[in-house]
Amino acid sequence: MNTENNNKPNKGSFPKHLAILVLVLLAASLISNMAKGALKAKQEQEVSYDTFYKMVETGEVESVYIGDNRIDIYVKSGSKDYSPLITYYTVMAEDPLRTSNLLKYGVTTFQEKPDNSASVWEILLTVVLPAVMMVLLLVFMFKRMGGGSGGIMGVGKSTAKMYMQKSTGVTFKDVAGCDEAKESLVELVDFLHNPKKYREIGAKLPKGALLVGPPGTGKTLLAKAIAGEADVPFFSLSGSDFVEMFVGVGASRVRDLFKQAGNMAPCIIFIDEIDAIGKSRDSRFPGGGNDEREQTLNQLLSEMDGFDPGKGIMVLGATNRPEILDRALLRPGRFDRRIVIDKPDLKGRVAILKVHSKDVKLDETVDFEEIGLATSGAVGADLANMMNEAAINAVKCGRTAVSQKDLFDAVEVVLVGKEKKDRILSQEERKIVSYHEVGHALIAAVQKNSEPVQKITIVPRTMGALGYVMQVPEEEKYLNTKAELEAMIVVALGGRAAEELIFDSVTTGAANDIEKATEIARNMVTRFGMSDEFGLMALARTEDMYLTGRTVMDCSDETAGKIDRLVADMLIRYYEDAKKILNDNMEALHKIAAFLIEKETISGREFMEIYRSVNMEEKDEEA
Ligand code: ADP
Ligand code: MG
Ligand code: ZN
């Protein structure tokens, strides 16, 4: 497989020289034209017929040219009164004696205009040269306009050629935690290499597969790994590569791509972010109904129908918005298979951390299991980022190996931003933030359905938090019970509850908590069927499950109003629960908050120590 790149030889120096040449030629032509014009203007001067005769008689005339309606007079070089540089002329008069007279005085007559017809050089200068220059100029301009992607001249050419990779340097070993996806892809590669095996049985070979999943889960990475593993040519493009300003260009790129691929088969075509061209043509979707994109999509569809599956072309697509893709793209015979790469589970996260720590020196405190537990919801890209942050942090602190603390700090940096050292909270604010955070933590600790506290801090973060509680689950959960969801809401409202109980006033600090609590409560009603009023009725649907996970209401306005009322009631109830729990644990709240105000950060262990000691005392008193 050779990566030909024949359309632009010595691309760098060519236009520059050309530009200079064009400029020089342009200047030369201008000057020559101006000079000629000036000469011409001097050259001619009209004289009367009488004067002409006198000139002949005095022997000043060397030759004449007798045209249709005028006579050009060329004087002798030795003439006194007339300049030989000037062509004199006179109007034609009826004069039968003219020719004989002229002969008498030894004047030559030409039947053809001497030297007035343009010379070869003149033609070159005035006609050919400007034309050539125009052409050169145009070529030059086109070249310039075409800068990056093949140029205007190569507008219809697929850019895939440039993306054809011999080796990406990525193998399956570099992709962790999506074993099923890898398995599916290995199977696809087997189709490519041994099509016979499948056809003999009568199985139809799939033409394409779609990698779907949230951003950062390793879709692009996995495709690159396939390129490394499959050992066939690999065309890699992004959906946006097809989209140009000219209608029809995308379509011709698709055509060209499949033609090239056809010549290289067996091969893999990978179209990343395929939603850029594969958006539904349904105009209900925002941005639907774009001519260029529609044509491109149609071309893609027909190309995918067109090629024989046994030919050995596999089309891979990747997207994080499968729901906006055109139905036609997803039907059998096109992207038959859907390979889901979801957010990694605990095992996956640990594996990803291991992959990315390959070249990082770790000390003996490091426990990926624990980090994995603390990073539920993080994707591969986050984890790679965390690993790097941790290594940088270790270097900053002058250490030679990464410790568990570095990793935890990095987790925080990725989740809530860096510590914001220059934001100084006033004493009063520190107090409020402390009680707020301890409110969350205490409720989490009291409720057995919530996750244990890992750390509480009131050091402000760059991403806006003035303080926060880090909770780490004991084990990964895939399902949440209703009781757990309720506990989560109560924990979220615990901050505000503490503020109200202690300071008798409330602050703006609970905005995020309120949002979170409301979302959970709303989902319980509209999606999880956890309310008595609406039972198991689905009242909302997920808009794009991999990107934002946003839900939209799917019910009548009347019902929506009822839902709002119901959610509000739930939140009021859970808020009362939160206040009750804090009232029952007032002593612990004061003690832990005081500790936090002083220390700024408190570990889960310190927290539990204080909490337990308070509870012991109470039990002792009761006894
Ligand atoms: P996307 O799914 O958005 O295409 P990428 O493949 O671009 O995500 O992933 C971005 C980066 O995150 C990768 O370059 C890699 O460093 C890291 N990453 C993501 N998923 C994984 C994974 N499963 N294993 C190892 N690294 C991963
Ligand atoms: Mg990607
Ligand atoms: Zn809070």
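Check the entry above for the structure.
Residues numbered from 1 in each chain as written. Chains lettered and ligands numbered in written order. Predicted model: local features only at pLDDT ≥ 70, side-chain atom pairs only at ≥ 80, totals over all residues. Heavy atoms only, no water.

Draft legend 1. Summary view of the nonpolar core. With 49 residues, the main nonpolar core has Leu442, Ile456, Ile489, Val525, Ile592 and Phe607 as its most contacted residues. Looking at this core, the elements that each hand over two or more residues are helix H17 (427-446), strand E11 (453-457), helix H18 (482-503), helix H19 (511-526), helix H20 (557-584), helix H21 (586-599) and helix H22 (604-622). Take this core: its biggest share by element is ten residues, from H20. Non-local contacts of Val525, meaning those with residues more than four positions away in its chain, are made with Ser531, Phe534, Met537, Leu539, Ile563, Leu566, Val567 and Met570. Counting residues in each nonpolar core, the second largest holds 29 residues, with Leu205, Ala230, Phe270 and Ile339 among its members. (Core = buried A, V, L, I, M, F, W, Y, C linked by side-chain atoms within 4.5 Å. Buried < 20%, exposed > 50% of the residue type's maximum accessible area, 1.4 Å probe, protein only. Helix = DSSP H or I, 4+ residues; strand = E, 2+ residues; numbered from the N terminus. Contact = heavy atoms within 4.5 Å.)

Draft legend 2. Up close: the site of ligand 1. Around ligand 1 sit 15 residues in total, of which Ala176, Gly216, Lys219, Thr220 and His356 are the nearest. A distance of 3.1 Å is found between an oxygen atom of ligand 1 and a backbone nitrogen or oxygen belonging to Gly218. Here Leu221 contributes a backbone N or O atom positioned 2.9 Å from an oxygen atom of ligand 1. Looking at side-chain class alone, the shell around ligand 1 contains seven nonpolar, six polar and two charged residues. (Near = heavy atom within 4 Å. Polar contact = N/O pair within 3.5 Å; in protein donor to acceptor, adjacent residues only side chain to side chain. Nonpolar A, V, L, I, M, F, W, Y, C, P; charged D, E, K, R; others polar.)

Draft legend 3. Here's a closer look at the pairing of strand E8 (residues 267-272). Taken across its six residues, E8 has six buried, putting it largely inside the fold. In E8, alternate side chains face the same way, and those of Cys267, Ile269 and Ile271 on one face and Ile268, Phe270 and Asp272 on the other are all buried. Inspection of the sheet shows strand E7 (residues 234-238) paired to E8 by five bridges, in the parallel sense. Of the residues in E8, the one forming a bridge with Leu237 is Ile271. (Pairing = 2+ DSSP bridges.)

Draft legend 4. Expanded view of the packing of aromatic side chains. Within the structure shown, the criterion is met by five aromatic pairs. Relative to Phe270, the ring of Phe234 has its centre 6.1 Å away and its plane inclined at 25°; by these criteria the two rings are stacked. With Phe234 in strand E7 and Phe270 in strand E8, the pair connects residues that are 36 residues apart, well separated along the chain. With a relative accessible area of 1%, Phe234 lands in the buried category. Taking the centre distance of 6.5 Å and the plane angle of 10° together, the rings of Phe607 and Tyr611 count as stacked. Note that Phe607 and Tyr611 are positioned in helix H22 at a spacing of four residues, about one turn of the helix. (Phe/Tyr/Trp six-rings, centres within 6.5 Å; stacked < 30°, edge-to-face > 60°.)

Draft legend 5. Examining helix H8 (residues 219-230) more closely. Look at H8: 16 Å from first C-alpha to last across twelve residues, which is about the 16 Å you get at 1.5 Å a residue. When H8 is considered as a whole, its buried residues turn out to be Lys219, Leu222, Ala223, Ala225, Ile226, Ala227 and Ala230. Where H8 is buried, its residues touch helix H6 (179-193), strand E6 (208-212), E7, E8 and strand E9 (313-319). (Expected span 1.5 Å × (residues − 1).)

Draft legend 6. Quick look at a negative patch on the surface. Residues Asp179, Glu180, Glu183 and Asp345 make up a contiguous surface patch of negative charge. For Asp179, a relative accessible area of 39% corresponds to the partly exposed category. (Patch = residues over 30% accessible without salt bridge, like charges linked within 9 Å, V, L, I, M, F, W, Y side chains within 5 Å. Areas by Shrake-Rupley, 256 points an atom, 1.4 Å probe, with all protein chains shown as cover. Salt bridge = Lys/Arg side-chain N within 4 Å of Asp/Glu carboxyl O. Lys, Arg positive; Asp, Glu negative; His and termini not counted. Charge placed at Lys NZ, Arg CZ, Asp CG, Glu CD.)

Draft legend 7. Structural detail: the sheet that holds E11. Taken together, the three strands give an open sheet; going across it, the order is E12-E11-E15, and neighbouring strands pair in antiparallel fashion. Lying at the two open borders of the sheet, with one neighbouring strand each, are strand E12 (468-471) and strand E15 (601-603). Pairs of neighbouring strands in the sheet enclose a mean axial angle of 15°, with direction left out of account. Sheet topology note: the E11/E12 ladder contains four bridges and is antiparallel. Residue pairing in the sheet places Val453 in a bridge with Gln471 of E12. Helix-sheet contacts for helix H16 (residues 404-416) involve E11 and E12, and the interaxial angle to E12 is about 120°. (Axes fitted to C-alpha atoms, helices over the stretch in contact; angles between N-to-C directions.)

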